[in-house]
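A look at the structure
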Amino acid sequence: MADCGADEPSSRTGSPDQESQVSEDRWSLHQRLAVRELIDTEVSYLHLLQLCALDIRSRLQQLPQGDLDVLFSNIDDIIKVNSKFLQDLQETDSKEEEQVQLIGNLFLEFQEELERVYKFYCANYDQALLLLESYRREPELQREIQGVIESVMPQAGPSGLSFLLVIPLQRITKYPLLLQKILENTPPDSGAYPVLQRATSAVQDVNTNINEYKRRKEVASKYTKVEQLTLRERLARINTHTLSKKTSRLSHLLKQEAGLVPRTEDKEFDDLEERFHWVSLCVTELKNNMAVYLDNLEAFFRFWPRECDLDICGGPVVQYCNLARDLQLQAFPEFKQRLEGLVWQPLCSLAKALGGPQNLIKKRLDKLLDFERLEEKQLEESSMTYEEKEAWHMYQTLNSLLVAELPQFNQLAMQWLGQILRTFMALQRDFAKQVLQRAEGSLAQLPHHQLSEPAFRKLVEDALGQAGHQLCSFQENFKKVLPPPTVQPLLPGAERQVQALLSRYGPEKLYQVTSNIRGSGTLDLTLLQGQVVALLQNKDTKGNSSRWLVDTGGHRGYAPAGRLEQYSVVPGEEKLGGQAGPHEGFRHLSPEPAPAPVPSVPTGTQVVAVYPFVARSSCEVSLQAGQSVTVLEAQDKKGNPEWSLVEVNGQRGYVPSSFLARAPSPAPWGWSLPS
């Protein structure tokens, strides 16, 4: 009995070797279970992805292709990567001793590919959810989609597409947990332990990078939107918070400009920004040049000289007309269509794509000012509010986003620009080749087709030179027979005003208004056609030579230079300015002579109204052109001869004397109008 009692504890506890063996077996069992869970869940996950990509996506034919691309994103790339990953995982089953280490190496090998495909899917996941939300507002469409999901995958339940679309996100976040479970059941002294540690850390880094990429994309989508806001809408967005931010930024910027605070130096970003602006300038210049090129090309082919009747029958003219018509109706429209589709539209798309990075660069400058101000504050107070921390992290996110993606964007933009230029040159070459092919038959029939190119070029230059000399000679002869420039007749009653301007400024300063001028500005004059003014200065205060400062004899102001022309005065009569009558000092070159005024007609003389006049008071009387008028007094009560007291249709009143003229005398051969 004693022996039996002594043997019992020994059999119950076991030896240390036995306990070590049991512990290793337990480690091995849990490790195999963790490995099996990884492989089995990968098989199930890949099966669900294939159901989404093949069965469900192919049955949702009621949705447009654009919606399907948003919903399923790059699921085909994920299937491709995970299929290869699963295949390599399953191959490790045959190597049980090295299986755990092979799995760790496998995750390290697929780290970059997993990050590449999953970060794109995760970044577009929010957009897919917004699309699903829009479907819920259409009950009929929602029922059709749910019916397709339930027929293929009943376990999805009422969540439908939401259940399927979230599966890739759940899988990539579960990889670190599965690896951690394998790592926990691996002895620390095992050779696979450090490999599993690196693999676990690598997969955790993948998730961290995916989250950071997703955050960057959210920031980019927020600040790259180009909104066309009216002034009212912009003012509506201004509040106390925005005013405070903009005031702080402006204050900090002014301090930097004054040298009171230092600027943050970032050589890497500055180089990238300079290259981006250089690319933007190239795209803008090329777009402007291409627009001008298209306009000039259109204008060139819009000219149809062959439609002019040159009275030349047969010969090279007919051949040229046929060739020009062929190019105008067939070759050029085809070339223009290809040019717009292959060059102009891609160039416009590239210019539009520059808007997003430009907005991000501008926003980075604002966030940099906030960041510098917060840095300065932190040195003083060593504390920040939650909102200030958000502004701090926003700058870091924007800066890292631009530093990471601007090089790729610049490179792609340059490749895009280079391809556009190569396409343009290829189109030009094809068009020139096509024109030459069409012209070969016509060129062979021309009289100078046997000449070499230098000889033909010299022949054309000689012909053009001869034609140029003939044109110059014709111009000289034409100038000799041109009629002298005409001058507008003076306004009625303007002789005294012109006389005053002549005596004050001299004849070389006098200009006449060629058409009515309506002043729109404070210092602009309103002038009538035929009015004479004196030039004071041939430009305005801003140096604009198209606006002249003039004097009308009573007012000074600005008038358009294009509506003023030199007023011609007969040289021999300039000296008589102070003595001659109103018409004796001036001679106007006009088609018809002006009628003689009547300031000196005797009382009771019958005259004719030359111009219409509207009475402005009871002391005046209205006139119509050609109306018979009786002059009662050739001056007003103060003796001013510019006004005459007249009688018209039984009414008496004053009218301007210059509006009256003597009645024409009878014709010398004695005929008269019938009574």
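These figures come from a predicted structure and were not determined experimentally.

1. Observations regarding the overall build of the protein chain
Counting secondary structure elements, the protein chain contains 18 helices and 10 strands. Taking the contacts inside the protein chain whose residues are at least 6 apart along the sequence as the reference set, 67% of them involve residues at least 24 apart. Of the roughly 42100 Å² of accessible surface on the protein chain, 54% is carried by carbon and sulfur atoms.

2. Overview of the packing of aromatic side chains
For the structure on display, the rule yields 10 aromatic pairs. With a centroid separation of 5.5 Å and an interplanar angle of 70°, the aromatic rings of Phe107 and Tyr175 are classed as edge-to-face. Here Phe107 is found in helix α5 (residues 99-109), whereas its partner Tyr175 is found in helix α9 (residues 167-184), with 68 residues between them in sequence. Each member of the pair, Phe107 as well as Tyr175, is classed as buried. Here the aromatic rings of Tyr511 and Trp548 are separated by 5.3 Å at their centres, their planes lie at 75°, and the arrangement is edge-to-face. Residue Tyr511 is found in strand β1 (residues 510-513), and its partner Trp548 is found in strand β3 (residues 547-551); the two are separated by 37 residues along the sequence. Overall, Trp548 belongs to the buried group, its relative accessible area being 15%. In this structure an aromatic cluster arises from ring pairing among Phe85, Phe107, Phe110 and Tyr175. When the ring centre of Phe72 is taken as reference, the NZ or CZ atom of Arg57 above it lies at 5.9 Å. The lysine or arginine in question, Lys119, covers the ring of Tyr213, its NZ or CZ lying 4.8 Å from the ring centre.

3. Here's the deal with the confidence of the model for the protein chain
Of the residues in the protein chain, 80% have a pLDDT of 70 or more, and the chain-wide mean is 79. For the protein chain, helix α1 (residues 2-13) is the element with the lowest average pLDDT, namely 43, and helix α4 (residues 75-91) is the one with the highest, namely 93. Low pLDDT (under 50) marks residues 575-599, which in the prediction has 39 contacts with non-local residues, meaning those over four places away or in another chain. The low-confidence segment residues 665-675, where pLDDT is below 50, has 0 contacts with residues more than four positions distant or belonging to other chains.

4. Focus: the sheet that holds strand β2 (residues 532-537)
Spatially, the 5 strands line up as an open sheet ordered β4-β3-β2-β1-β5, and their pairing is antiparallel. The open sheet has two edge strands, β4 (556-560) and β5 (564-566), and neither has a second partner. Mean inter-strand twist for the sheet, computed between neighbouring axes without regard to direction, equals 50°. When β2 meets β3, the two strands line up antiparallel, connected through 3 bridges. Bridge assignment links Gln537 to a residue of β3, and that residue is Leu549.

5. Concerning the packing of α4 against α5
In contact at an axis separation of 10 Å, α4 and α5 are set at 165° when each is read in the N-to-C sense. Relative to α5, the element α4 lies roughly antiparallel. Of the two possible hands of crossing, α4 and α5 adopt the one that is right-handed. Seen from α4, the contacting residues are Phe85, Asp88 and Leu89; seen from α5, they are Ile103, Leu106 and Phe107.

6. Considering the pattern of salt bridges
On inspection of all chains with the given rule, the structure shows 18 salt bridges. As a salt-bridge pair, Asp271 and Lys267 come within 3.0 Å of each other at their nearest N and O atoms. With a gap of 4 residues between them, Asp271 and Lys267 both fall in helix α13 (residues 267-302), about one helical turn apart. Judged by relative accessible area, Asp271 falls into the partly exposed class, the value being 36%. Among the salt bridges present, the one from Asp551 reaches Arg556, with a minimum N-O distance of 3.8 Å. Given a relative accessible area of 3%, Asp551 falls into the buried group. Owing to a relative accessible area of 52%, Arg556 belongs among the exposed residues under this scheme.

7. Side note on the environment of His393
By the element assignment, His393 lies in helix α16 (residues 386-444). By relative accessible area, which is 37% here, His393 ends up partly exposed. When the C-alpha atoms of His393 and Lys367 are compared, they prove to be 9.5 Å apart, with 26 residues separating the residues in sequence.

8. Some remarks on the sheet that holds strand β8 (residues 643-648)
With antiparallel pairing, the 5 strands of this open sheet are ordered in space as β9-β8-β7-β6-β10. At either end of the open sheet lies a strand with only one pairing partner, and these are β9 (651-656) and β10 (660-662). Neighbour-to-neighbour, the strand axes of this sheet turn through a mean angle of 50°, independent of strand direction. Relative to strand β7 (residues 628-633), strand β6 (residues 606-609) runs antiparallel, the two sharing 3 bridges. Bridging from a neighbouring strand, Val607 pairs with Val629 of β7.

9. Here we look at α5
Within the sequence span of α5, burial applies to Gln99, Val100, Ile103, Gly104, Leu106 and Phe107. On an axial view of α5, the arc spanned by its buried residues comes to 160°, and they lie on one face.

10. Looking at a nonpolar patch on the surface
A cluster of nonpolar side chains, contributed by Leu451, Phe456, Leu459, Val460 and Leu464, occupies part of the molecular surface with about 410 Å² of accessible area. Relative to the assigned elements, Leu464 resides in helix α17 (residues 453-480). Classification of Leu464 as exposed rests on a relative accessible area of 59%.

11. A look at the side chain of Gln627
Position of Gln627 relative to the elements: it lies in the loop between β6 and β7. If we skip the residues at most four places from it in the chain, Gln627 touches Val607, Val608, Ala609, Ser622, Val648 and Asn649.

12. Section: the environment of Val655
Of note, Val655 is situated in strand β9. Each C-alpha atom of the pair Val655 and Ala615 lies 8.1 Å from the other, and the pair is 40 residues apart in sequence. Residue contacts for Val655: discarding those within four places in its chain leaves Phe613, Val621, Leu623, Glu642, Trp643, Ser644, Val646 and Leu660.

13. Focus on the pairing of β6
Where β6 lies against β10, 3 bridges are found, and the strand directions are antiparallel. The residue of β10 that forms the bridge with Val608 is Ala661.

Cut-offs applied
- Residues numbered from 1 in each chain as written.
- Predicted model: local features only at pLDDT ≥ 70, side-chain atom pairs only at ≥ 80, totals over all residues.
- Heavy atoms only, no water.
- Helix = DSSP H or I, 4+ residues; strand = E, 2+ residues; numbered from the N terminus.
- Contact = heavy atoms within 4.5 Å.
- Areas by Shrake-Rupley, 256 points an atom, 1.4 Å probe, with all protein chains shown as cover.
- Phe/Tyr/Trp six-rings, centres within 6.5 Å; stacked < 30°, edge-to-face > 60°.
- Buried < 20%, exposed > 50% of the residue type's maximum accessible area, 1.4 Å probe, protein only.
- Lys NZ or Arg CZ within 6 Å of the ring centre and 35° of its normal.
- pLDDT = per-residue confidence, 0-100.
- Pairing = 2+ DSSP bridges.
- Axes fitted to C-alpha atoms, helices over the stretch in contact; angles between N-to-C directions.
- Parallel < 35°, antiparallel > 145°, perpendicular 65-115°, else oblique.
- Left-handed = near helix turned anticlockwise from the far one by under 90°.
- Salt bridge = Lys/Arg side-chain N within 4 Å of Asp/Glu carboxyl O.
- Arc of directions from axis to C-beta.
- Patch = residues over 30% accessible without salt bridge, like charges linked within 9 Å, V, L, I, M, F, W, Y side chains within 5 Å.

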